[in-house]
Each structure stands twice: as C-alpha cells, then as structure tokens.
2 protein chains.
Amino acid sequence: MENLKETTISSKEIFKGRVIDLYVEEVELPNGKTSTREIVKHPGAVAVLALTNDHKIVMVEQYRKPLGRTIVEIPAGKLEKGEEPITTAKRELEEETGYTCEELEPLISFYTSPGFADELVHLFIAKDLKKLTHKAELDEDEFVEVMEITLEEAQEMIVNQQIFDAKTAYAVQYLQLMQKSKQK
Amino acid sequence: MENLKETTISSKEIFKGRVIDLYVEEVELPNGKTSTREIVKHPGAVAVLALTNDHKIVMVEQYRKPLGRTIVEIPAGKLEKGEEPITTAKRELEEETGYTCEELEPLISFYTSPGFADELVHLFIAKDLKKLTHKAELDEDEFVEVMEITLEEAQEMIVNQQIFDAKTAYAVQYLQLMQKSKQK
C-alpha cells in the first residue's frame, strides 16, 4: 500500500563486510515525521530439505558463532555473487552432506528478518539422493557433522527445543504436512 | 558437539544502534586456523498467530525499509529490555491489531538467521479475540494496515508469493496442519 511507504532522506554506510553490509537510514514516515532505520544487507541464501531413499531428513550440526553454540539445521548457505539459487542449493548439499541429488525443486522463498535485514532464503527439496564417491570440499572455515533423522525424530527435536531454526522448523513441518495429506 | 566450537580471539564493536548492534570477531576454528565472523546482536522478538472467532487469521501489512516495500505478516515486534515474551506478544497484538485475547500460548521459538544474527523469535497463538474499545497506540514510527484472512486465502498468498515471511509462513503451515489433524 502506497500510504505506508517510508521515503529515504539519507543513507549512511556503517560497515561493508565479507557477508553483510550495514546502513543507517533517515526516513520520512507516512505522517511526515522522521525516524531512523538500521538495515543489514545480505546476499540471500538457500536451504535444502534433502530426503534419503529410506525417508530420512539430512541435517547438519554446526557451530554458529552468533549463538555461541552448535545448532542442528538443514543444509544451507549464502548465495555467491550472480549465482542462481538452484546452483547454490546443489553445491551446499554436496559440500555439507556428501550427497548429490537427481531431483531438486524450489519449495518456497521467505525473508527471515524483515525488520532489520533483507536476507531472502530460497528453500528447495532434494530427492533421489546419491552418495558422492568423492565428498566435495567444505569452505575452509566451515565444519559440520552430518546426521540423518526420521520425521518423527525431527518433530521430537522441535518439541524438545533441540531444533530451533526457522528454515528447519518450516521444512520439517512441510514434510509432516505432505505425509499427512498422502495418508488420506 | 565440542569439536565444532569456534573460540573468540578478539571482538570489535562496529556499531551500537537503537535496535541492533554489530560486532566483528576473530575466531579460532576447530582446525586451529583463524577466520572472522560478522555478528548482529538483536534483543529478540515475538510473533502472534491470532485467530478470530470466525476462524480468520489476523495479518498486518507494513512497510519494511530493509525490503523497500510493504509485506503481509502476522503481528510481531521486538522485545523491550527485561520484558517477558508473553507480555510483548499481548502488547504487540493490541497495538497492531486493536484486538486483545483471553488465551495466549507459546507455540515455538526459533532463530531466524543463525548465520549472522542472534535474533530469536517467540511464536504465540492467540485465541478468543476481543476488539478493544480504545485501540492501543502504535509506536510513533509504526504504521500498519490490519487484514483478516481465511486459512485458504493465506495459503493462496503463500503460493502466489504475496506472503514471503518466515514466521508467517510457519504460522500458516502450523494452522493448516492443526486443522488437518482435527479432520481425522
């Protein structure tokens, strides 16, 4: 709706990083007053709901410095410049899990934190997985443990707060929903 | 897992803002090498899946400066210092929608962007909604349009990419799942 729009008066670059940039913008509000907005620019990311032939979900456990702990997530990674999301998805699946896939389809794209960041995550579903004979190399600053868990185990981990990552919770819930509708 | 841990060597404060802070940390990786991490600190947030007595979902449309456009979301807002998430949830529901509720229960908490931010969103479900006779005041820099839509409309908006917000997609999918299991 046009009448909700905030118009940029000035934009100040605070930081240009390896992954994110930070800007502080002065904006004019719909009522003519002004405010400031703190805005993180992110290149966007992919995440992959990868299903093994015995119906397990491939998860990776990795240390996330912002949280100061490891968390269990579906494979994911940020877009490289000019890269198509489906290409990133296949690469991240291969690098993080040692699997490749015959089928890779987009499921949904969503903003993760629209209040302060423009990160858009493209979620894919990967089926017909095959083990790579030579595991692709991880990024040199990336360390992960691969796990394969059933839908029931994943649901239990959400309830027990062992999984608490938005894209992963969404993917598990999606799978649960698909299986329920198949049972009808 | 302990062997995935990254140890902080140094932490540099880049920015302290009204909503977020930014740090750049030098870390020691599990293999002894070093890397840098760009870390956004966020106070955390709440989101509310609010259901009217005629089974509609209350959504708000608001302009999100990081995206440069309006988006449709469930009511949400950031935690004030020392505030319990359930208190924030009730306040945001009242301020953004003009409804209050008799029932407010936690559903799930998740990190939205664990790769670069520590934002944790606490999702609540609100039932038995009642219109406030005097609508609570919005924050002075906040402008929203309230909408009430059916689950079917929400699902269609996800498919048509009119809803593309992680917490909202999760909430809609959750509701869909609850209704399916009731039909059994």
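Thresholds, definitions, all that
Residues numbered from 1 in each chain as written. Chains lettered and ligands numbered in written order. Predicted model: local features only at pLDDT ≥ 70, side-chain atom pairs only at ≥ 80, totals over all residues. Heavy atoms only, no water. UniProt positions renumbered as here; feature names shortened; annotations may be inferred. Helix = DSSP H or I, 4+ residues; strand = E, 2+ residues; numbered from the N terminus. Contact = heavy atoms within 4.5 Å. Buried area = accessible area lost by both parts, 1.4 Å probe. Salt bridge = Lys/Arg side-chain N within 4 Å of Asp/Glu carboxyl O. Polar contact = N/O pair within 3.5 Å; in protein donor to acceptor, adjacent residues only side chain to side chain. Nonpolar A, V, L, I, M, F, W, Y, C, P; charged D, E, K, R; others polar. Least-squares fit on C-alpha atoms with pLDDT ≥ 70 in both. Phe/Tyr/Trp six-rings, centres within 6.5 Å; stacked < 30°, edge-to-face > 60°. Buried < 20%, exposed > 50% of the residue type's maximum accessible area, 1.4 Å probe, protein only. Lys NZ or Arg CZ within 6 Å of the ring centre and 35° of its normal.

Looking at an unreviewed UniProt entry, one finds chain A named NUDIX hydrolase and attributed to Metabacillus litoralis. According to the UniProt record, the Cofactor (unreviewed entry) comment for chain A reads "Mg(2+)".

Participant: Hey, could you go over the UniProt feature "domain: Nudix hydrolase" (unreviewed entry) in chain A for me, with residue numbers and the actual values?
Facilitator: When the UniProt feature table is mapped to this numbering, "domain: Nudix hydrolase" (unreviewed entry) covers residues 40-171 of chain A. Segment residues 40-171 of chain A splits into 21% helix and 42% strand. End C-alpha atoms: 25 Å apart.

Participant: Could you give an account of the interface of chain A and chain B, with specific residues and numbers?
Facilitator: It is common to give the size of an interface as the accessible area lost on bringing the parts into contact. Each partner contributes to the interface: chain A provides 69 residues, whereas chain B provides 69 residues. Carbon and sulfur atoms make up 64% of the area that chain A and chain B hide from each other, which totals about 6400 Å². Joining chain A to chain B, the criterion identifies four salt bridges. As a salt-bridge pair, Glu25(B) and Lys65(A) come within 2.9 Å of each other at their nearest N and O atoms. Counting every contact that joins chain A to chain B gives 28 residue pairs in polar contact (both at pLDDT 80 or more). Breaking the side of chain A that touches chain B down by element, the ones donating at least two residues are strand S1 (7-16), strand S2 (21-28), strand S3 (34-41), strand S5 (57-64), strand S6 (69-73), strand S8 (99-111), strand S10 (144-149) and helix H3 (166-183) of chain A. Here the side of chain A that touches chain B gets 11 residues from one element, more than from any other, and that element is H3(A). In the side of chain A that touches chain B, the residues fall into 32 nonpolar, 18 polar and 19 charged.

Participant: Got a sec to walk through the relation of the copies chain A and chain B? Specific residues and values, please.
Facilitator: When chain A is brought onto chain B, the operation consists of a screw motion whose angular component is 180° and whose axial shift is 0.0 Å, with 0.0 Å RMSD remaining. Each copy turns onto its partner about a two-fold axis.

Participant: Give a description of the packing of aromatic side chains that names residues and reports values.
Facilitator: Inspection of every chain in the model, using the stated rule, returns four aromatic pairs over all chains. Centroid distance Tyr111(A) to Phe164(B): 5.4 Å. Interplanar angle 65°. Geometry classified as edge-to-face. With Tyr111(A) in strand S8 and Phe164(B) in the loop between helix H2 (151-159) and helix H3 (166-183), this residue pair bridges two chains. For Tyr111(A), a relative accessible area of 15% gives the class buried. One cation-aromatic arrangement involves Lys131(A) over Tyr99(A); the distance from NZ or CZ to the ring centre is 4.3 Å.

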